[in-house]
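Given next are the chains, with one letter for each unit.
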Amino acid sequence: MNDFNELAGEYIVIKALENGVTIIGLTRGRDTKFHHSEKLDKGEVMVAQFTQHTSAIKIRGRAEVMTKHGNLRTDQV
Ligand code: TRP
């Protein structure tokens with residue numbers, strides 16, 4: 001359970017750099033399905049956490065993503 005909390009408890013921060021940025025939560029486990037989506041407009045920020053239901057997060061659109069692994073922009077080449 002400690003391992004699970006270390007992995008699953010992680011927060012990330014997503015800042016939209018344009019209108020209509022979409023954040024999609026993907027299910028944990030054998031199946032990988034969309035289970036939630038959230039739209040952000042320019043300047044909006046979402047603080048999101050990996051949980052027992054969410055093991056991956058997909059981001060569409062121009063955004064800045066901040067994690068413990070570093071910061072990146074989705075439009076960087
Ligand atoms: N359901 C998959 C899982 O829990 C979701 C997932 C996590 C995934 N990381 C991934 C799917 C990387 C593709 C690639 O493992």
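Just so we're clear, the structure is a prediction, and the values are computed from it rather than from any experiment.

Attention now goes to the site of the ligand. Taken together, the neighbourhood of the ligand is formed by Thr27, Arg28, Gly29, Asp31, Thr32, Ser55 and Ala56. At 2.9 Å, a side-chain N or O of Ser55 approaches an oxygen atom of the ligand. Computed on the free molecule, the ligand has an accessible area of 360 Å², of which 48% lies beneath the protein chains in the complex. Split into classes, the residues belonging to the shell around the ligand amount to one nonpolar, four polar and two charged.

One pass over the structure, following the stated rule, counts three salt bridges. Lys68 serves as the salt-bridge partner of Glu10, at 3.6 Å between the closest nitrogen and oxygen. Taken together, the residues Glu10 in the loop between helix H1 (2–8) and strand E1 (11–16) and Lys68 in the loop between strand E6 (63–67) and strand E7 (70–73) connect sequence positions 58 residues apart. By relative accessible area, Glu10 is classed as partly exposed at 22%. Accessibility expressed as a relative area gives 61% for Lys68, which makes it exposed. Measuring nitrogen to oxygen at the nearest pair gives 3.0 Å for the salt bridge that ties Asp75 to Arg73. With relative accessibility at 32%, the residue Asp75 sits in the partly exposed group. Overall, Arg73 belongs to the partly exposed group, its relative accessible area being 34%.

Here is what the cut-offs are and how they apply
- Residues numbered from 1 in each chain as written.
- Predicted model: local features only at pLDDT ≥ 70, side-chain atom pairs only at ≥ 80, totals over all residues.
- Heavy atoms only, no water.
- Near = heavy atom within 4 Å.
- Polar contact = N/O pair within 3.5 Å; in protein donor to acceptor, adjacent residues only side chain to side chain.
- Areas by Shrake-Rupley, 256 points an atom, 1.4 Å probe, with all protein chains shown as cover.
- Nonpolar A, V, L, I, M, F, W, Y, C, P; charged D, E, K, R; others polar.
- Salt bridge = Lys/Arg side-chain N within 4 Å of Asp/Glu carboxyl O.
- Helix = DSSP H or I, 4+ residues; strand = E, 2+ residues; numbered from the N terminus.
- Buried < 20%, exposed > 50% of the residue type's maximum accessible area, 1.4 Å probe, protein only.

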